[in-house]
Amino acid sequence: MKSSFQSSVVNTLAITPTRDEAIARLAAFMPNVSGYAKGRNFDRPGNQAVSEASPFLRYRLVTEREVVESVLAEYSYESAEKFIQEICWRTYWKGYLEMRPGIWERYKVDNQALHDNLEVDLQNRLEKARRGQTGIDCFDDWVQQLVTTGWLHNHTRMWFASIWIFTLKLPWQAGAALFLEHLLDGDAASNTLSWRWVAGLHTRGKHYLARADNINRYTDGRYNPQGLLNESAAPLPPDGAFESVPFAKVALLRDVHLPSLSCCPAGLLVIPDDLTPESGELSETPFSSICVLSGNDVMDSFNASPKVRAFCEGAVADSADRLAAHWDGKVTECQGEVIPTVGRASPDNVGRRERMRVYGGSVNCWVDGVVTWARNEHLKSVWYLRPPVGPWGDAMDDLRSALKAQGIKVFEYRRRWDSLHWPHATAGYFRFKDGLQDRLNRLLG
Ligand SMILES: Cc1cc2nc3c(=O)[nH]c(=O)nc-3n(C[C@H](O)[C@H](O)[C@H](O)COP(=O)(O)OP(=O)(O)OC[C@H]3O[C@@H](n4cnc5c(N)ncnc54)[C@H](O)[C@@H]3O)c2cc1C
């Protein structure tokens, strides 16, 4: 049974942010996987050539592993190769940013500096672009589509970013921020690194130039911005982000074990970057209490639009409902500052599922919300799937310190999928892709 909280946020969206919806959409797309390579570059209204699965994958309402597994249950690797490779672009970008968190830090600093020192001319040009009033029809329409639907086709995102950077000569960071604000799938790694890729900052010296002929062809003639685009711009000069960032290794997390008595009561914290912990390594661990929260402060940090907030909140509510069903518990809704105390968890209720409580909802201050939950529940340890570099990742240092200050132990886990693939995201995608099939064989058998 769905909570009333969930149905109220879901009503404001055109797509339902639930795992059931993700699975149903992927099942409906499955017959189209064979035609994916041929059709994926066309941006056609209502076309079935791409999956539109990205908002679901972004919050891991369904995981990359699950999608690849279900594709390989129906297709050979060779016949579904292009689709599998595209799914794995997401994995590659995440691994790449995870090992170069300085790129994300630098992006945030640059954006703030831009905002603090905005000259009038640039401010006016940015406003025109953000409102879709540049006079370039296709671009102006895409801005409207971005704002009203929260989604753009991949090829359109490439044209958009290229026109923004090379024709309108606007800072790429401001374009990336506009995408994060409005995309339902807005994701620190895929977004920041794709903008850098278009600008020529990822593969040094190689940039992506939008051409009128190409737009005309792949929009079936709906747009033809002949003479309006800068089709001969040079890539942006290197910005030093590669050099200045330490190359941090991704830590392999320990195998999951049952909480020892000294760690009980143990709580599971579910972070919006991965909303399906019941599928995977933590699925059998007996927790005393579960908390699935989104935070207004985290959403504010990237100025998330009401649609993005509604999608995330709906996904959080869906996760709370599912986890309650999986761990045989009951959902208690949290809102604002309120994390109710429902009862006291104790070491003896580990595994006694009739007493499991699942807290879900949206709070104003995410770290405070989680700490209040852990304190109210008298938890001795908090377990979670570690969020990747991005807005939730940004809050983790504060959260770890706050929990430790309460004497609560923290256990972080990473999915095997990520641990296996991320360390290979050291250079370009083509090198990552080289060992992909072998790695999938090892993981999936
Ligand atoms: C400038 C720019 C910004 C982008 N920002 C984001 C973002 O914030 N969040 C986001 O999820 N994607 C982003 N992308 C990647 C890509 O455009 C979307 O993932 C894709 O359009 C989603 O549509 P789909 O689900 O129909 O993709 P499909 O073509 O059906 O592909 C299936 C899945 O594979 C993954 N995928 C496909 N192409 C890419 C790609 N190029 N990079 C990463 N993953 C990919 C996605 O998870 C996608 O859902 C960006 C691309 C560009 C060029």
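- The protein chain goes by Cryptochrome/DNA photolyase FAD-binding domain-containing protein in an unreviewed UniProt entry, where it is assigned to Oceanipulchritudo coccoides.

Some details on the overall build of the protein chain
Link 1 in the chain: What the protein chain contains, in helices and strands, is 22 helices and six strands.
Link 2 in the chain: In the protein chain, once contacts between residues fewer than 6 apart in sequence are set aside, the share between residues at least 24 apart is 77%.
Link 3 in the chain: As displayed, the protein chain has an accessible area near 18,800 Å², and 51% of this comes from carbon and sulfur atoms.

Some thoughts on the packing of aromatic side chains
Link 1 in the chain: Tallied over the entire structure, the rule returns 31 aromatic pairs.
Link 2 in the chain: For the pair Tyr 107 and Trp 172, a centre-to-centre distance of 5.9 Å together with 25° between the ring planes defines the contact as stacked. Separated by 65 residues along the polypeptide, Tyr 107 in helix H7 (residues 101-116) and Trp 172 in helix H11 (residues 172-182) bring together distant segments of the chain. Comparing Tyr 107 with Trp 172, the two get one shared label, buried.
Link 3 in the chain: Relative to Phe 430, the ring of Tyr 429 has its centre 6.4 Å away and its plane inclined at 70°; by these criteria the two rings are edge-to-face.
Link 4 in the chain: One aromatic cluster in this structure is built from Trp 89, Tyr 92, Trp 93, Tyr 96, Tyr 429, Phe 430 and Phe 432.
Link 5 in the chain: Lying over the aromatic face of Tyr 59, Arg 58 brings its terminal NZ or CZ to 4.4 Å of the ring centre.

Some details on the site of the ligand
Link 1 in the chain: Residues in contact with the ligand amount to 28 residues; listed here are only the nearest, Tyr 36, Ser 51, Glu 52, Arg 90 and Asn 154.
Link 2 in the chain: In this structure, an oxygen atom belonging to the ligand sits 2.9 Å away from a main-chain N or O atom of Ala 53.
Link 3 in the chain: Trp 93 places a side-chain nitrogen or oxygen 3.4 Å from a nitrogen atom of the ligand.
Link 4 in the chain: For the shell around the ligand, the secondary structure elements donating two or more residues are helix H4 (54-58), helix H6 (81-99), helix H10 (154-167) and helix H12 (188-199).
Link 5 in the chain: Per element, the largest residue contribution to the shell around the ligand is six residues, and it comes from H6.
Link 6 in the chain: Residue composition of the shell around the ligand, grouped by class: 15 nonpolar, seven polar and six charged.
Link 7 in the chain: Three or more residues apiece are contributed to the shell around the ligand by two domains, here domain 1 (17-98 + 421-444) and domain 2 (102-244).

Regarding the side chain of Arg 400
Link 1 in the chain: As for its placement among the helices and strands, Arg 400 is situated in helix H19 (residues 396-405).
Link 2 in the chain: Among the polar contacts listed, one links the side chain of Arg 400 to the side chain of Glu 412, at a separation of 2.7 Å.
Link 3 in the chain: The residues touching Arg 400, leaving out its near neighbours within four places in the chain, are Tyr 384, Arg 386, Val 410 and Glu 412.

Details of helix H5 (residues 64-74)
Link 1 in the chain: Considered for burial, the residues of H5 that qualify are Glu 64, Glu 66, Val 67, Val 68 and Val 71.
Link 2 in the chain: Looking at the buried residues of H5, the elements they touch are helix H2 (19-29), H4, H6, helix H20 (416-421) and helix H22 (436-444).

Thoughts on the confidence of the model for the protein chain
Link 1 in the chain: Per-residue confidence for the protein chain averages 89 on the pLDDT scale, and 89% of its residues sit at or above 70.
Link 2 in the chain: Segment residues 247-253 is flagged for pLDDT under 50; beyond a separation of four residues in sequence, or across chains, it makes 13 contacts in the model.
Link 3 in the chain: Note that residues 349-354 has pLDDT below 50 and, in this model, 11 contacts with residues that lie over four places away or in other chains.

Brief notes about the packing of helix H17 (residues 366-376) against H19
Link 1 in the chain: Put simply, H17 and H19 touch, their axes get as near as 10 Å, and they point 30° apart. One way to sum up the angle between H17 and H19 is to call them roughly parallel. Of the two elements, H17 crosses H19, and the hand of that crossing is right-handed. The segment H17 lies against H19, with Trp 366, Val 367, Val 370, Val 371 and Ala 374 engaging Met 396, Asp 398, Leu 399, Ala 402 and Leu 403.
Link 2 in the chain: Looking at the contact of H17 with H19 residue by residue, the class counts come to nine nonpolar, no polar and one charged.

Points about the UniProt feature "binding site: FAD" (unreviewed entry) in the protein chain
Link 1 in the chain: Under the feature "binding site: FAD" (unreviewed entry), the UniProt entry names Tyr 36, Phe 83, Asp 185, Gly 186 and Asp 187.
Link 2 in the chain: You can see Tyr 36 is positioned in helix H3 (residues 36-39).
Link 3 in the chain: Structurally, the position occupied by Gly 186 is in the loop between H11 and H12.
Link 4 in the chain: The contact partners of Gly 186, leaving out residues within four places of it in the chain, are Arg 58 and Leu 180.

Notes on the side chain of Arg 100
Link 1 in the chain: Position of Arg 100 among the secondary structure elements: in the loop between H6 and H7.
Link 2 in the chain: Judged by its relative accessible area of 7%, Arg 100 falls in the buried class.
Link 3 in the chain: In this structure the side chain of Arg 100 is engaged in a polar contact, spanning 2.6 Å, whose partner is the backbone oxygen of Thr 426.

A look at the environment of Arg 60
Link 1 in the chain: By secondary structure assignment, the location of Arg 60 is in the loop between H4 and H5.
Link 2 in the chain: Taking the relative accessible area as the measure of exposure, Arg 60 reaches 3% and is therefore buried.
Link 3 in the chain: Side-chain polar atoms of Arg 60 contact the side chain of Glu 64, separated by 2.8 Å.

Rules and cut-offs
- Residues numbered from 1 in each chain as written.
- Predicted model: local features only at pLDDT ≥ 70, side-chain atom pairs only at ≥ 80, totals over all residues.
- Heavy atoms only, no water.
- Helix = DSSP H or I, 4+ residues; strand = E, 2+ residues; numbered from the N terminus.
- Contact = heavy atoms within 4.5 Å.
- Areas by Shrake-Rupley, 256 points an atom, 1.4 Å probe, with all protein chains shown as cover.
- Phe/Tyr/Trp six-rings, centres within 6.5 Å; stacked < 30°, edge-to-face > 60°.
- Buried < 20%, exposed > 50% of the residue type's maximum accessible area, 1.4 Å probe, protein only.
- Lys NZ or Arg CZ within 6 Å of the ring centre and 35° of its normal.
- Near = heavy atom within 4 Å.
- Polar contact = N/O pair within 3.5 Å; in protein donor to acceptor, adjacent residues only side chain to side chain.
- Nonpolar A, V, L, I, M, F, W, Y, C, P; charged D, E, K, R; others polar.
- Domains from an automatic or database assignment.
- pLDDT = per-residue confidence, 0-100.
- Axes fitted to C-alpha atoms, helices over the stretch in contact; angles between N-to-C directions.
- Parallel < 35°, antiparallel > 145°, perpendicular 65-115°, else oblique.
- Left-handed = near helix turned anticlockwise from the far one by under 90°.
- UniProt positions renumbered as here; feature names shortened; annotations may be inferred.

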